[in-house]
Amino acid sequence: MTAPSTTTTTAPATTSADTVVPVRFDFAAALKDSLKSAAIAFGLSIPILAFKTDQSGGDIFLTPRWGLVAIFVSIIFGVRLLQHAFMATKAYRLATPDPHQATEAVHAEPNAFQKVSRFGIPFFLGIAIGFPFLIYLIQGGMNESRYWVDLGILILTYVMLGWGLNIVVGLAGLLDLGYVAFYAVGAYSYALLSTTFGLSFWICLPVAGILAAFWGIILGFPVLRLRGDYLAIVTLAFGEIVRLVLINWVDLTNGGAGISSIPRATFFGLPFTAGEGGFADFFGIEYHGMQRMIFLYYLILALALLTNFVTMRLRKLPVGRAWEALREDEIACRSLGINTTNTKLTAFAIGAMFGGFAGSFFAVRQGFVSPESFNFLESAIILAIVVLGGMGSQIGVAIGAVVLVGGPEVLRNLGFLTAIFGAGFDPNEYRLLLFGAGMVAMMVWRPRGLISERQPSVFLKERKAISSAHVKEGHG
Amino acid sequence: MEIFVQQLINGLTLGSIYGLIAIGYTMVFGIIGMVNFAHGDVFMLSAFIALIFFLILTTWLGMTSIVLALLIVLVIAMVLTSLWGWAIERIAYRPLRGSFRLAPLISAIGVSIFLSNFVQVAQGARNKPTPPMMREVIVLFQGESGYNVALSYKQIVIMASTAVLLAIFWYLVQKTSLGRAQRACEQDRKMAALLGIDVDRTISLTFVIGAALAAVAGTMYLLYYGVVSFNDGFVPGVKAFTAAVLGGIGSLPGAVLGGLIIGLIETFWSAYFSIEYKDVAAFSILAIVLIFMPSGILGRPEVEKV
């Protein structure tokens, strides 16, 4: 946990430069400050890092780990010292005027990312579509590529959830901490409808979406009047209530044990089975277990792209513009006659609907649902994807999902990490730790996310990038 | 009747723990208007600090007097948790002043996830029990059916130390210059700064005081339940936040009052309705209070300024 202690403002460097005396790197002061940070780090780590509570039988005892504390403290010391050196150079550079530095906000040129994105988006899309074949070629076999296709499905599920939540958080500016409730509604809708009434996935999918949207309206309605952070807390409460009811309403949901043996997805009625009348038999090809996986992969890809497409189109409609206006300034919105109630409700409902789709896909993929898949942490992970990717940016959310969900899995397969950290090192253990720290770091350094520019929805003559400095969120 | 009195005692004990945590929420909200989502995890962390120092004192240093050990543990936990509170404010919240509105809340959620997983990674995911201590009870009276209404030593310790610390804290806020600065910042931060109050320092101190009181709550929680785990911060944190909102967020007596009410509701709900749905009750109260009476019992209604 290191961060600049000097309160750096994120505002663009203005003309205050001439009042600041250029500072060269003051080693003594930096050393002193770094020692201070190290001392604080030592204080923070004393009980939690220095002693591990171990249990054997009913007894509890302590194991000291001073080596770990020493490593931690020296890392903090080193990082702080480097930071000082770096900041001194930066301050010096800022203090010396740059002829190219703009004194006023003017014509914003497309930045590097936007230049890339023209080719980047078709490129990423191509990768996503060709992914199973690429993996097949790289791994050299159907069975070898199973793990990677499965990972691809997982990532795409989170991309879809991220895009769904992005409608609520990124576009409408409503912080929803209970998004996973709609995911749960979708999953349980499919699980219950298919196991009790024997309905097929293709009927249940729209039903699950509608039910989730309905719940979005029910839960959204009471919270409309609330200000930003209260709204977040109430949605959190709703999310938890849904989970607790799923656990405790044993008659309907089978409680914590969950619902198992949910029917598998079919290829529009053709089951993925080896026998007569199956998918392979119908098309006259050889049966393979991976056919179902690849079908699921394209199914979630299609669902995710549908989410993206609908969102992009909605942004151009009056309702989408109203969402973005609401995010920027609610009071101005009301003064201009936008019906904020309807605007918020549609955002909740549409966001929830995509959550419901993703939920019913989750149920059909797993074949098993239990309330523990829908806890607050899941909401927090989806929120982390949206926040880290840049709220409101579609491609940013996709990148966020790939990095946050795929990253730890890839790290786990890297051999040299185990060599450094010793056997039994599992990056997944540190995944949430890094998510948490990442969310804080993101808010401190890049509050608008990795992709912080916005494509304007409405523009005159030509589309120009809007610098994040000109977009302000959440007043009122 | 006996069950009622017994639940009343249990509810007040639980309520004083919630009240102590709620003060941290209410003070931070009062001064910078943010929901410190990580406060529940600070509370959990303090319980771990207390557990570790309790083990050091009793098993390594061979201290036999439990009361003295608890007192020392309490002081150490308060100091170290305050350091955490200070560091969190410095790293995760201070740079965000003047950022967009949801930034501090998102950052606080990040801190919350970080803290609970930090403790999980550093200490393991299992429940951590304390050695059994203070098992003595005072039987207040015996009912006809043979049901004893008992007040345990633990409960006496918890309620007494809560009362004493609240008194000290009350004095601090009402009578000292620090308290005056704190109240001034709460009313108008810009004006306070113009009058020469170091606002950053005052906000830091608010976090320190909140964390210290959370540490008291953490130690008491450990004493009462005798077990703590890395995810114990979330639900008590939400309940304490509910208490703060119910009492009127920003109001200190309100936080304590709200804490006691939530504690009582929880125990009576568990005793008379259903223990499975006790957390549902807590979350529902939170939603209902926020939606229908966001200014709480003792709070001032918020005026929206343009």
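Residues numbered from 1 in each chain as written. Chains lettered and ligands numbered in written order. Predicted model: local features only at pLDDT ≥ 70, side-chain atom pairs only at ≥ 80, totals over all residues. Heavy atoms only, no water.

Under an unreviewed UniProt entry, chain B has the name Branched-chain amino acid ABC transporter permease LivH and belongs to Microvirga brassicacearum. Comment text from UniProt for chain B, heading Subcellular location (unreviewed entry), reads "Cell membrane". (UniProt positions renumbered as here; feature names shortened; annotations may be inferred.)

As annotated in an unreviewed UniProt entry, chain A is High-affinity branched-chain amino acid ABC transporter permease LivM from Microvirga brassicacearum. We quote the UniProt Subcellular location (unreviewed entry) comment for chain A here in full: "Cell membrane".

## Quick notes on the overall build of chain A
For chain A, the count of helices and strands is 17 helices and four strands. Per-residue burial for chain A yields a buried fraction of 48% across its 476 residues. Contacts in chain A between residues at least 24 apart in sequence constitute 72% of all its contacts with a sequence separation of at least 6. In the structure as shown, chain A presents an accessible area of about 22,800 Å², 67% of it carried by carbon and sulfur atoms. (Helix = DSSP H or I, 4+ residues; strand = E, 2+ residues; numbered from the N terminus. Buried < 20%, exposed > 50% of the residue type's maximum accessible area, 1.4 Å probe, protein only. Contact = heavy atoms within 4.5 Å. Areas by Shrake-Rupley, 256 points an atom, 1.4 Å probe, with all protein chains shown as cover.)

## Focus on the overall build of chain B
Broken down by element type, chain B carries eleven helices and four strands. Taken over C-alpha atoms, the radius of gyration comes to 19 Å for chain B, in line with the 19 Å a tight globule of 306 residues would show. Seen through its principal axes, chain B has C-alpha atoms that stretch 65 × 45 × 40 Å. Looking at chain B as a whole, 60% of its 306 residues qualify as buried. For chain B, contacts bridging at least 24 residues in sequence account for 75% of all contacts bridging at least 6. Summed over all atoms, the accessible surface of chain B reaches about 12,200 Å², with 65% contributed by carbon and sulfur. Once the 18 positive and 15 negative side-chain charges of chain B are each reduced to a mean point, those two points are 9 Å apart. (Rg over C-alpha atoms; globule rule 2.2 N^0.38 Å. Lys, Arg positive; Asp, Glu negative; His and termini not counted. Charge placed at Lys NZ, Arg CZ, Asp CG, Glu CD.)

## Considerations on the UniProt feature "transmembrane region" (unreviewed entry) in chain B
Residue and element names in this part refer to chain B. With numbering matched to this structure, UniProt assigns "transmembrane region" (unreviewed entry) to residues 12–35, 42–60, 66–88, 100–119, 156–173, 203–224, 244–268 and 280–299. Split by type, residues 42–60 is 100% helix and 0% strand. Its first and last C-alpha atoms lie 26 Å apart. End-to-end, the C-alpha atoms of residues 156–173 are 26 Å apart, and along that stretch the chain is 100% helix and 0% strand.

## Remarks on the interface of chain A and chain B
Interface size, as often reported, equals the accessible area lost upon joining of the parts. Taken together, the contact pairs 64 residues of chain A with 68 residues of chain B. Together, the buried faces of chain A and chain B total about 6,400 Å²; carbon and sulfur atoms form 75% of this surface. Summed over the shared surface of chain A and chain B, the result is zero salt bridges. Summed over the shared surface of chain A and chain B, the number is six residue pairs in polar contact (both at pLDDT 80 or more). Of all the secondary-structure elements, those providing two or more residues to the side of chain A that touches chain B are α1 (27–50), β1 (51–56), β2 (59–64), α7 (228–248), α12 (330–335), α14 (376–389) and α17 (427–445) of chain A. The leading source of residues in the side of chain A that touches chain B is α7(A), at 14 residues. (Buried area = accessible area lost by both parts, 1.4 Å probe. Salt bridge = Lys/Arg side-chain N within 4 Å of Asp/Glu carboxyl O. Polar contact = N/O pair within 3.5 Å; in protein donor to acceptor, adjacent residues only side chain to side chain.)

## A closer look at the packing of aromatic side chains
For any two aromatic rings, the description comes down to two numbers: the centre-to-centre distance and the angle of the planes. Residues and elements named next belong to chain A. The tally for this structure, following the rule as stated, stands at 27 aromatic pairs over all chains. With a centroid separation of 5.5 Å and an interplanar angle of 80°, the aromatic rings of Phe51 and Trp66 are classed as edge-to-face. Of this pair, Phe51 sits in strand β1 while Trp66 sits in helix α2 (residues 66–95), and the two are 15 residues apart along the sequence. Overall, Phe51 belongs to the buried group, its relative accessible area being 6%. Here Phe354 and Phe357 contribute two aromatic rings whose centre-to-centre distance is 6.0 Å and whose plane-to-plane angle is 65°, an arrangement assigned as edge-to-face. (Phe/Tyr/Trp six-rings, centres within 6.5 Å; stacked < 30°, edge-to-face > 60°.)

## Topic: the pairing of β1(A)
Residue and element names in this part refer to chain A. A one-sided burial pattern is seen for β1, the buried positions being Phe51, Thr53 and Gln55 and the unburied ones Lys52, Asp54 and Ser56. Examined bridge by bridge, β1 and β2 share six bridges and lie antiparallel to one another. Bridge pairing in β2 places Phe51 opposite Pro64. (Pairing = 2+ DSSP bridges.)

## Let's talk about the packing of helix α5 (residues 180–197) of chain A against helix α13 (residues 340–366) of chain A
Residues and elements named next belong to chain A. Where α5 meets α13, the closest approach of the two axes is 6 Å, and the angle between their N-to-C directions is 45°. When the interaxial angle is binned, α5 and α13 end up oblique. Crossing of α5 over α13 shows right-handed handedness. Contacts between α5 and α13 involve Phe182, Tyr183, Gly186, Ala187 and Tyr190 on the former and, on the latter, Ala352, Gly355, Gly356, Ala358, Gly359, Ser360, Phe362, Ala363 and Val364. Split into classes, the residues belonging to the contact of α5 with α13 amount to nine nonpolar, five polar and no charged. (Axes fitted to C-alpha atoms, helices over the stretch in contact; angles between N-to-C directions. Parallel < 35°, antiparallel > 145°, perpendicular 65-115°, else oblique. Left-handed = near helix turned anticlockwise from the far one by under 90°. Nonpolar A, V, L, I, M, F, W, Y, C, P; charged D, E, K, R; others polar.)

## Some remarks on the side chain of Asp279(B)
Considering the arrangement of structural elements, one finds Asp279(B) in helix α11 (residues 278–292). A distance of 2.9 Å separates a polar atom in the side chain of Asp279(B) from a polar atom in the side chain of Lys239(B). With residues near it in sequence (within four places) discarded, Asp279(B) still touches Leu244(A), Val235(B) and Lys239(B).

## Examining empty space enclosed by the protein
Scanning all chains against the criterion turns up six cavities of 30 Å³ or more. Taken as a whole, the largest cavity encloses approximately 100 Å³ of empty space. If you trace the largest cavity, you find 13 residues lining it, with Tyr25(B), Phe37(B), Gly237(B), Val238(B) and Phe241(B) closest to the centre. At the level of elements, α7 of chain A together with α2 (39–60) and α9 (234–247) of chain B are the ones that each hand at least two residues to the lining of the largest cavity. It is α9(B) that contributes the most residues to the lining of the largest cavity, four residues altogether. (1 Å grid on protein atoms, 1.4 Å probe; cavity = no way out; pocket = protein on both sides within 12 Å on 5 of 7 lines; lining within 4 Å. Points joined across faces, edges and corners; volume = space filled by probe spheres on them.)

## As for the nonpolar core
Ranked by internal contacts, the top residues of the largest apolar core, which has 225 residues, are Leu175(A), Leu177(A), Val369(A), Leu383(A), Phe37(B), Tyr93(B) and Ile109(B). Counting only domains with at least three residues in this core, you end up with domain 1 (15–95) and domain 2 (120–470) of chain A. When residues no more than four places from it in sequence are discounted, the contact partners of Val369(A) are Ala187(A), Tyr188(A), Ala191(A), Gly258(A), Ile259(A), Ile262(A), Phe362(A) and Ala363(A). (Core = buried A, V, L, I, M, F, W, Y, C linked by side-chain atoms within 4.5 Å. Domains from an automatic or database assignment.)

## Things to note about the side chain of Gln182(B)
As for its position among the elements, Gln182(B) is in helix α6 (residues 177–187). If sequence neighbours within four positions are ignored, Gln182(B) has contacts with Met27(B), Ile31(B), Val173(B), Thr202(B) and Thr206(B).

## Some thoughts on the packing of helix α10 (residues 290–316) of chain A against α13(A)
All names here are of chain A. Two elements in contact, α10 and α13, have axes whose closest approach is 11 Å; the angle formed by their N-to-C orientations is 180°. Accordingly, the angle class assigned to the pair α10 and α13 is roughly antiparallel. When α10 is examined against α13, the residues Arg292, Leu296, Leu299, Ile300, Leu303, Thr307, Val310 and Leu314 are found in contact with a partner set consisting of Ile350, Phe354, Phe361, Val364 and Arg365. Partitioned by chemical class, the residues of the contact of α10 with α13 number ten nonpolar, one polar and two charged.

## Some points on helix α4 (residues 103–123) of chain B
Residue and element names in this part refer to chain B. The first and last C-alpha atoms of α4 sit 30 Å apart over 21 residues, in line with the 30 Å expected at 1.5 Å per residue. Of all the 21 residues making up α4, 19 are buried; the element is thus mostly covered by neighbouring parts of the structure. Residue Gly124 follows α4 closely and has a positive phi angle near 90°. (Expected span 1.5 Å × (residues − 1).)

## What to know about the pattern of salt bridges
All names here are of chain A. Here the structure, examined in full by the defined rule, presents 16 salt bridges over all chains. Where Arg243 meets Glu372, a salt bridge forms, and the shortest distance between an N and an O atom there is 3.4 Å. Taken together, the positions of Arg243 in helix α7 and Glu372 in the loop between α13 and α14 put the pair 129 residues apart, joining distant regions of the chain. Among the residues examined, Arg243 registers a relative accessible area of 15% and is labelled buried. The class for Glu372 is partly exposed, based on a relative accessible area of 47%. One salt-bridge network, in which partners are shared between bridges, spans Arg315, Glu324, Arg327 and Glu328.

## Quick notes on the confidence of the model for chain A
With 80% of its residues at a pLDDT of at least 70, chain A reaches an overall mean of 79. In the model, residues 472–476 of chain A has pLDDT below 50 throughout and makes 17 contacts with residues more than four positions away in sequence or in other chains. (pLDDT = per-residue confidence, 0-100.)

## Brief notes about α2(B)
All names here are of chain B. Taking 1.5 Å as the rise per residue, α2 with 22 residues should run 32 Å; its terminal C-alpha atoms sit 31 Å apart, in good agreement. Within α2, 20 of the 22 residues are buried, which leaves it mostly tucked inside the rest of the structure. Just past α2, the residue Gly62 takes up positive phi, approximately 65°.

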